Amino acid sequence: MGRTLPSANQYLIQEQDSFSSFRRALRRSDQLALDDLFAAARRHSAAIAFASHALPFEAALLSMLLEEHKEVMRLRQQVEELQKQQ
Amino acid sequence: MAEFTGWLLDLFEDPQGGIILWFIGADAARIRLRQPFTVTFYASGAPALLKKVEAFLHSQPAALEYSHTRRQDLYRHDAIPVLAVTVQPCALSSLVHRVARQFPNLDLYDADVPLAIRYAVRHDTFPLARCRVTYAGEQLQSLSVLDSPWDLDPPPVPLRTVSMEADADPRCQTPRELLVRFEEKEHHIPLRYTRSSLIRLNTILQQYDPDLILTTNGDVWLLPYLLELAEKNRIKLQLNREPKRDPLIKKEGSFFSYGRIVYRGQQFLLYGRCHIDSRNAMLWQNYELTSALEMARVTRLPIQNAARCSPGTGINVMEVLTALRHDILVPWQKTHGEEIKTAYDLLQSDQGGLVYQPLGGVHENVGMIDFVSLYPSIMTTCNISPELPIPTRIGKSPFPPGIIPQTLKPLLEKRITLKQRTLSIETDETLRPYYKAQASTLKMLLVCCFGYLGYKAAKFGRIESHEAISALGREALLRAKEAAEDMGFEVLHLYVDGIWVKKAGCDKTDDFLPLLNTIIDRTALPISLDCIYRWVAFLPARVDSRMTVPNRYFGVRQDGSTTVRGVEIRKHDTAPYISRMQENLLGIFQNAANRTELKQHIPQALEMVLARYRRLVQGEVPLEELVMHRRMGKELDTYKVSSPAATAARQMVEIGHPPRLGQRVPLVFTLGKPGACAWHSQIPIDPQSVNYVYYGRLLVRAAAAILQPFGIEEPQVWEYVLGEGTMQLSLKNMRMAVFPA
C-alpha cells in the first residue's frame, strides 16, 4: 500500500514535463513528433519498471528506439510487398 | 443440569463480570446464558518499569491478578519476559488505556483483541456455530461446537428476521410511513401518530422476537430517530433483546485510505439480536445477508460487526486468531518498522504488479486467463509471512507454515471449492448465487491480505513480505506470457494476475487447455481460463488517444454476458441517465458475434444516442436522473475554490445537514454561478436552471467512449447529434480502430 518511488508512468510524465522548454522552442511539426516519441516510451512503461534501471531515461530512450525500429520494419515490409507487385 | 443443541447468535461482556451468550434453540426458543470468563493482556518493558506497573496495578481494583511470565513475540527468536494482567472483559479497555497513559514506553500485547475472538480461541466458536450446550439455571456449564466455519453446506439456521424501512429517503423527503416486514406479513406504520406507532412496533418486536433487524438507513437515521421518538413519549422501545441495556452507538468518522478520505457513518448496534443497515454493510448491494453471515463465520466477529467491517479488518482479526492459537503475542501498537535498504534495493523492490498497455482496438476470440487468487496462492505456496525469511523465487519453502499462510490456507481452499461449484453444471441453480456470494466474500478477504501485509500499522505487516509477493507475482505473469508466446499466441494484455491472448483458430476452451497446462508447469501456481470473449475492445486514454489504458475495456463473452471496466457506467459519480444510456448502448452491441456484425449495429446505436440527447436538452429527463455525487475530500472551510462539492456542501450546511469529511454530496449542475445545487428535499431546484449543455457534453463523451473502437470519435458523435442525425455515415469507410502492435 503506497509507494516510495514514482511509477514508470509517473516518471515518464515528469520527464516529459522537464523537457517543456525544449519542446516550446521546437517548430509545431517537431513538437508533435516529440510527443509521439514520449507516447512510444509510455507503451513500454511495464518493461521500464521491470528493468529497475538506475537511469530509467535510458530505458525510455530504448523504448522510443524500439517503436521507431518497429515502424522501419513495417515500412520495409510494405516496400518489399509493393516491389513484388511491380 | 440441562442441555440443548442450538446455534450461537451473540456474545458480549456482562457488566457484572464474565460474558452473556445468546443461543437459538432447535425448538425455536431463544436462550440467554452467562459464563464466567476473564481476559488477559500483557505488558513488556525494562524490569524496573514492570515493577512500577505492578505497583500501579496494585491500586487498580479492575486488575484481578497479575504475574510475571514469558511469552513469544512474533519477531523475536526467544520468548520475552512479560507481565500478565487478568481482568473481567468489561474492565479491559479502560484499564488498558489507564496503563498506557501512565506508562507510555510500555509495549502492550493482546490488549485490543475482540471478545468474540478470545472466546473463539478458547472454545472454537464462531457466529451461528452449531453447539451442544449444558447449563444449570442461567449459567453455561460446557459448550462443544459441532460444525466448522469451513463447512460448505452448513444446516440452515432458523433465524427470525424483521426488515424495517421508511417509505422515503430522508435526504429527499420526509418519510410518512414505516414499512415493517416479517415472514409473509407487511405492516405500514404511520410515523405521524407517534405514540400508537411506537406501541405497535413494540408489539411486533415482542411477539415475533426477531434475531436480525435489517434496515435501510437504520444506523444514521431510522433507529436513532425511533429511539428519540420513544424517549419523548416515555416509551421503552424494545429494539434490544437484552432488557437492561441501551443499544450501543458507535460514532461516525472519516479516515484516509488508498489516497482518499472515506466517511464511515455512525453504527447502531444491539445486544442479544443483530442490526444490519444495508446502507452501511460491506458487499450488501450484490450479496445481501449471505455475504454478511459468511464474513461473520470465517472472521468469528459478531454478525453485526462483521457486516460493517472492511475486509482488511476481517483478515487482520483472522491473523490475530491464528497468533493467539499459537500463543504468540498480539502487539497493541506495532513497533516493527521497515528495514534499512540501499537505494538500488529500493529501486528493485518498490514495484507493484506487472501491467501492460493493451493492444488497442477490437479483438475477436480472446482468451482471458487468470491465476486463481494469485497473491494468496503465492503466500501459501512460497510460505510468505512476516516472521519468516523472504523467498526470492517461486517454489516450496523449507520452513514450517507461518502465521499468514496458516490463516489463508483454509480460506483459499474454501474459495476454490465454492468457485468450482458456481461454475459446475451439476450445481443446483438455487444454490449458485449463494455459493457465488460466499466465494466473493472470501475473495475480498484474500485480496486484502496482500495489501494489509504492506500496511505500516498492520499488527502482522511487513513491507518486505508485501514486496516479495509483488515480485513473485510479476515473475509468474512473465512466465505465463513467455509460455503463451512460445505456443504461438499473441499477448494482447497483461494485468497483474491476468493475461489476454488470441491465436488464429482458437475459439474453444479445449484450444486454450495446452497453454494452461504449460503455465501451471512453469509456475506451479493454479490458473484457470476465466472466459473466452467473442470480442473485446481495449480503449484509448481520453487525454491522449495514442495511448491505451490498462483497465479501460469492454467485451462480450461467449455466454453473452458483458465485462465493462473503466468507463462511465462503472464510475460512482456518473448521473443515472448517462449510465443507463451507456448500458443500453452496450446492449445494442451485445448480440454482435464479430466485427462485421458490430459495424452493422452502429446506425441503431447512433439513433439511440440522438434520442437520449434530444430528451435531455428538451428538459424531459426527471431531475433525479441527473443527480451526481461528489466526495468531500477536505473540510469545507479549507476549499479555496468553490468546487461543485463545496457549493453543494455549503447549501447543505445552511439547511442544517452538514456533510462529513469523505461523504458524497448529491448535487445537480446548474447554469451560471454557483454552478451546482445540492439535491435535497429542502432545497428547491428550478428545472429551467439545470445546465443541460453540460449534461449533453457528458452524454456525448460517454457515448463516444463506447463507439470509439468501432471507428466513431467524439467529434463525429457531436456532428451526428447536432445535425439531428443528418450526417451520412459511410459504413464502408468506417475503420475499426486497431493500434499498431
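Basis of the calculations
Residues numbered from 1 in each chain as written. Chains lettered and ligands numbered in written order. Predicted model: local features only at pLDDT ≥ 70, side-chain atom pairs only at ≥ 80, totals over all residues. Helix = DSSP H or I, 4+ residues; strand = E, 2+ residues; numbered from the N terminus. Buried ≥ 20, exposed ≤ 12 C-beta atoms within 10 Å, placed from the backbone. Rg over C-alpha atoms; globule rule 2.2 N^0.38 Å. Contact = placed C-beta atoms within 7 Å. Pairing = 2+ DSSP bridges. Axes fitted to C-alpha atoms, helices over the stretch in contact; angles between N-to-C directions. Left-handed = near helix turned anticlockwise from the far one by under 90°. Nonpolar A, V, L, I, M, F, W, Y, C, P; charged D, E, K, R; others polar. Expected span 1.5 Å × (residues − 1). Arc of directions from axis to C-beta. pLDDT = per-residue confidence, 0-100. Parallel < 35°, antiparallel > 145°, perpendicular 65-115°, else oblique.

(A) Structural view of the overall build of chain A. Secondary structure summary: chain A contains 5 helices and 0 strands in total. The N-to-C order of helical and strand elements in chain A reads α-α-α-α-α. Out of the 86 residues in chain A, the part that is buried amounts to 19%.

(B) Structural context of the overall build of chain B. A count of helical and extended segments in chain B gives 20 helices and 27 strands. Relative to its length of 741 residues, chain B is compact, with a C-alpha radius of gyration of 29 Å against a globular reference of 27 Å. The dimensions of chain B, computed from C-alpha atoms along their principal axes, are 90 × 70 × 55 Å. Long-range contacts, defined here as pairs at least 24 residues apart, represent 64% of the contacts in chain B between residues at least 6 apart.

(C) Just the sheet that holds strand E26 (residues 664-669) of chain B, in detail. Residue and element names in this part refer to chain B. On the basis of which strands lie adjacent, the open sheet formed by 3 strands has the order E25-E26-E27 and antiparallel pairing. Of all the strands in the sheet, the pair left with one neighbour each is strand E25 (628-631) and strand E27 (676-678). The sheet shows a mean angle of 50 degrees between the axes of neighbouring strands, direction not considered. Across 4 bridges, the pairing between E25 and E26 is antiparallel. Across the sheet, the residue bridging to His629 is Pro666, located in E26.

(D) The packing of helix H8 (residues 311-325) of chain B against helix H11 (residues 403-423) of chain B, seen in detail. Residue and element names in this part refer to chain B. Close contact between H8 and H11 brings their axes to 9 Å; oriented N to C, the two are set at 115 degrees. In this structure, H8 meets H11 at a crossing whose hand is right-handed. Contact with H8, carried on its side by Met318, Glu319, Thr322 and Ala323, involves Ile403, Ile404, Gln406 and Thr407 of H11 and no other residues of that element. Grouping the amino acids of the contact of H8 with H11 by side-chain chemistry returns 4 nonpolar, 3 polar and 1 charged.

(E) Structural context of the sheet that holds strand E19 (residues 361-371) of chain B. Residue and element names in this part refer to chain B. Sheet architecture is open: 6 strands sit in the order E20-E21-E19-E22-E23-E24, paired in antiparallel fashion. Strands at the two margins of the open sheet, each flanked by one partner only, are strand E20 (490-495) and strand E24 (562-565). Averaged over all pairs of adjacent strands, the angle between their axes in this sheet comes to 35 degrees, without regard to strand direction. Here E19 runs beside strand E21 (residues 498-502); their pairing, made up of 4 bridges, is antiparallel. In the sheet register, Gly367 faces E21, and the bridge partner there is Val501.

(F) Summary view of helix H4 (residues 194-208) of chain B. Residue and element names in this part refer to chain B. Between its terminal C-alpha atoms H4 stretches 21 Å, which fits the 21 Å expected from 15 residues at 1.5 Å a residue. Looking at H4, one finds that the buried residues are Leu198, Leu201 and Leu205. Projection of H4 onto a plane perpendicular to its axis shows the buried side chains occupying an angular sector of 65 degrees, all on one side. Exposed residues pointing more than 90 degrees away from the buried face of H4 are listed as Ser196, Thr203, Gln206 and Gln207. With its phi angle positive at about 50 degrees, Asp209 sits one or two positions after the end of H4.

(G) Highlighting the interface of chain B and chain A. With 18 residues of chain B at the contact, the number on the chain A side is 14 residues. With 4 residues, the top contributor of residues to the side of chain B that touches chain A is helix H9 (residues 343-349) of chain B. For the side of chain B that touches chain A, the per-class residue count stands at 9 nonpolar, 5 polar and 4 charged.

(H) Examining the confidence of the model for chain A more closely. Here chain A averages 93 in pLDDT, and 98% of its residues register 70 or above. Considering each helix and strand of chain A separately, the mean pLDDT is smallest for helix H1 (residues 8-18) of chain A, with a value of 93, and largest for helix H5 (residues 56-85) of chain A, with 96.

(I) Structural view of the confidence of the model for chain B. Residues and elements named next belong to chain B. Summarising the model, chain B shows a mean pLDDT of 90, and 96% of its residues fall at 70 or more. A low-confidence stretch, residues 730-741 (pLDDT under 50), is modelled with 24 contacts involving residues beyond four sequence positions or located in other chains. This prediction of the complex comes with two scores: 0.86 for pTM and 0.84 for ipTM.

(J) Molecular detail of the packing of helix H19 (residues 692-707) of chain B against helix H20 (residues 714-722) of chain B. Residues and elements named next belong to chain B. Remark: H19 packs on H20, axes separated minimally by 9 Å, with the N-to-C direction vectors making an angle of 125 degrees. With respect to each other, H19 and H20 are oriented oblique. As for how H19 packs across H20, the hand of that crossing is right-handed. Two secondary-structure elements touch here, H19 through Val700, Arg701, Ala703, Ala704 and Leu707 and H20 through Glu714, Val717, Trp718 and Val721. Of the residues that constitute the contact of H19 with H20, the class distribution is 7 nonpolar, no polar and 2 charged.

(K) Fine view of the pairing of strand E22 (residues 527-540) of chain B. All names here are of chain B. For E22, the buried fraction is high: 11 of the 14 residues fall into the buried class. Note that E19 and E22 share 10 bridges and pair antiparallel. Bridged to Phe371 within E22 is Ile527. Of the pairings in the sheet, the one linking E22 to strand E23 (residues 548-557) comprises 6 bridges and is antiparallel in character. Considered in E23, the bridge of Phe538 is made with Tyr553.

(L) Seen up close, H5(A). Residues and elements named next belong to chain A. Its 30 residues give H5 an end-to-end C-alpha distance of 44 Å, which sits within 8% of 44 Å, the value for a rise of 1.5 Å per residue. Listed as buried for H5 are Pro56, Ala59, Ala60 and Ser63. For H5, the elements touching its buried residues are H1, helix H3 (28-42) and helix H4 (45-51).

(M) Expanded view of the environment of B:Leu513. The residue B:Leu513 is located in helix H14 (residues 509-523) in this model. Taking the C-alpha atoms as reference, B:Leu513 lies 9.1 Å from B:Ser528; in sequence the two are 15 residues apart.

(N) Spotlight on the pairing of strand E6 (residues 79-87) of chain B. Residues and elements named next belong to chain B. Note that strand E4 (residues 39-44) and E6 share 5 bridges and pair antiparallel. Directly across from Phe41, in E6, lies its bridge partner Val85. Where strand E5 (residues 63-72) meets E6, 9 bridges bridge the pair, whose relative direction is antiparallel. Its bridge partner being in E6, Arg70 is matched across the sheet by Pro81.

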